[in-house]
Amino acid sequence: MTAFAAFFLSLTLAVAGLLIAVSVSLLVLRAASLVKAYAAAMALGLATWSGAFFALAPSDPLEFFSGWTLGALIYLSFAYLFFHFLNIPLTSVRLQILGRIYRGETVDAEILQSASEKNPIEIRIERLLASGQLAESPDGRLRLGPATPWMLRICLCFDLLRRVLAVRS
Amino acid sequence: MSPTGFHLLTLVMGTLTLALSAQILVWRFSAHSKRGAYKLLALIFLGGFFAGIGIYAGLFEATPTEKLLGGLVFTLAYGGLATAYLFSYVGVEHESPSSKILLAIRRRPEGLSREELLRTPSGEDPRTLRLETMIETGWLETRDGKPVLTRKGRLATLFFSLPSTLVRHCAGGRG
């Protein structure tokens, strides 16, 4: 197989894998949460695509690596974008407010401003405790929790980028 | 020289690195508003895309079909990664409450009380900022003291209602 055929094959397989993964994630949504359904379907899609690529891939190691990496980058970036496309409308308070105004449910500015009675920080503390990212000791102090700190790692990456770019949030 | 997967991978990563370096330089040495930042960011990454396509078209010799398909792979890889970065940049600029909490606790190994957390991570209550921000970004306007959707806000609402309808439908109304 030529090098050109290899990277085109990689592209086609990645797009096909992504379409299958998106369909599977929507089909299993009835039985699981959005994040779990989506993560499982994306992992399945990536494994299926990689298997097909390994079976058909070029023998040259450099072209094999390049073809697989290009396909994986395309697959993962579009999977990430599709996840945000599904997730943002469900979690963004701003989009929920816009939706309420669009449906004519709420038009009063004061009601919108007090839509949530609890401070958002309090709500997040409860969520982080429930997911095990935080733990509360008997003296009432909050510390990092026992769960795998995947969220802390993401926060640290964003924090690093914020320092590199000198962004003030 | 004919394009190979390795050439394309190098070109994609090279142009993305250049675009990111340009952003770091611009962000460090120029002052810009939050809204202006997104336009500037889009311009930088679009510039990187056209530079990459220009290099690809000028450097490689291939049949028209090969050039077209190679260009398609470059567009998908660069476009996908650059758009994913732009989505992540929103998280860099608008630090989420969860991130503020976790980073504040990480800096204090002895832990923080709820009261301390409510005082330290953010200055202003985000609830009061939401309407102002949406009016500032042109999604809402006020008529007779009431917020109404602008054309831009209506389009955004319709666009983003699509996935939530899809998720609710697939989850059997539970989404």
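Here's what I pulled together on the structure shown here. Just so it is clear, the structure is predicted and the values come from calculations on it, not from any experiment.

The terminal C-alpha atoms of helix α7 (residues 150-165) of chain A lie 23 Å apart, and with 16 residues this matches the ideal 22 Å at 1.5 Å per residue to within 8%. Restricting attention to buried positions, one finds in α7(A) the residues A:Leu152, A:Cys155, A:Asp159, A:Arg162 and A:Leu165. End-on view of α7(A): buried residues confined to an arc of 150 degrees, all on one side of the axis. In α7(A), the exposed positions that point more than 90 degrees away from the buried face belong to A:Arg153, A:Cys157 and A:Leu160. The inward-facing, buried residues of α7(A) abut β2 (142-144) of chain A together with α1 (5-29), α3 (64-93) and α4 (97-107) of chain B. Note on α7(A): the residue one or two positions beyond its end, A:Ala166, has a positive phi of about 55 degrees.

All names here are of chain B. Every second residue of strand β2 (residues 146-149) is oriented toward a common face, the buried set being Pro147 and Leu149 and the non-buried set Lys146 and Val148. Bridge count between strand β1 (residues 140-143) and β2: four bridges; the pairing is antiparallel. Across the sheet, residue Thr142 finds its bridge partner in β2, namely Pro147. Hairpin connection from β1 to β2: two residues lie between these consecutive antiparallel strands, with Asp144 at a positive phi of about 55 degrees.

Centre distance and the angle of the planes are the two values used to describe a pair of aromatic rings. All names here are of chain B. Tallied over the entire structure, the rule returns twelve aromatic pairs over all chains. Here Phe74 and Tyr78 contribute two aromatic rings whose centre-to-centre distance is 5.6 Å and whose plane-to-plane angle is 20 degrees, an arrangement assigned as stacked. Remark: Tyr78 and Phe74 occur in helix α3; sequence separation between them is four residues, near one turn of the helix. Each member of the pair, Phe74 as well as Tyr78, is classed as buried.

Right, let's talk about a nonpolar patch on the surface for a bit. Among the surface-exposed residues, A:Leu62, A:Phe65 and B:Phe6 lie close enough to one another that they form a single nonpolar patch of about 280 Å² accessible area. In this fold, A:Phe65 is placed in helix α3 (residues 61-91).

Residues and elements named next belong to chain B. Packing of helix α2 (residues 34-59) against α3 brings their axes to within 11 Å, and their N-to-C directions diverge by 160 degrees. One way to sum up the angle between α2 and α3 is to call them roughly antiparallel. Both α2 and α3 take part in a crossing whose hand is right-handed. Its residues placed into classes, the contact of α2 with α3 shows 15 nonpolar, five polar and four charged.

All names here are of chain B. If you look at the biggest cluster of nonpolar residues, it comprises 28 residues, and the most contacted ones within it are Trp27, Phe45, Tyr78 and Tyr89. For this core, the element with the most residues is α3, which contributes nine residues. Once you skip the residues sitting within four places of it in the chain, Tyr78 turns out to touch Val12, Thr15, Leu16, Ala19, Phe45, Gly48 and Phe49.

Turning our eyes to something else, we now look at the pattern of salt bridges. Using the criterion set out here, one finds seven salt bridges over all chains in the structure. Note that A:Arg162 and A:Asp159 form a salt bridge whose closest N and O atoms lie 3.5 Å from each other. Taken together, the positions of A:Arg162 and A:Asp159, both in helix α7 and three residues apart, correspond to about one turn of that helix. You'll find A:Arg162 and A:Asp159 in the same group, each marked buried. Where salt bridges share partners, they join A:Arg141, B:Arg108, B:Glu110 and B:Glu116 into one cluster.

Analysis parameters
- Residues numbered from 1 in each chain as written.
- Chains lettered and ligands numbered in written order.
- Predicted model: local features only at pLDDT ≥ 70, side-chain atom pairs only at ≥ 80, totals over all residues.
- Heavy atoms only, no water.
- Helix = DSSP H or I, 4+ residues; strand = E, 2+ residues; numbered from the N terminus.
- Expected span 1.5 Å × (residues − 1).
- Buried < 20%, exposed > 50% of the residue type's maximum accessible area, 1.4 Å probe, protein only.
- Arc of directions from axis to C-beta.
- Contact = heavy atoms within 4.5 Å.
- Pairing = 2+ DSSP bridges.
- Phe/Tyr/Trp six-rings, centres within 6.5 Å; stacked < 30°, edge-to-face > 60°.
- Patch = residues over 30% accessible without salt bridge, like charges linked within 9 Å, V, L, I, M, F, W, Y side chains within 5 Å.
- Areas by Shrake-Rupley, 256 points an atom, 1.4 Å probe, with all protein chains shown as cover.
- Salt bridge = Lys/Arg side-chain N within 4 Å of Asp/Glu carboxyl O.
- Axes fitted to C-alpha atoms, helices over the stretch in contact; angles between N-to-C directions.
- Parallel < 35°, antiparallel > 145°, perpendicular 65-115°, else oblique.
- Left-handed = near helix turned anticlockwise from the far one by under 90°.
- Nonpolar A, V, L, I, M, F, W, Y, C, P; charged D, E, K, R; others polar.
- Core = buried A, V, L, I, M, F, W, Y, C linked by side-chain atoms within 4.5 Å.

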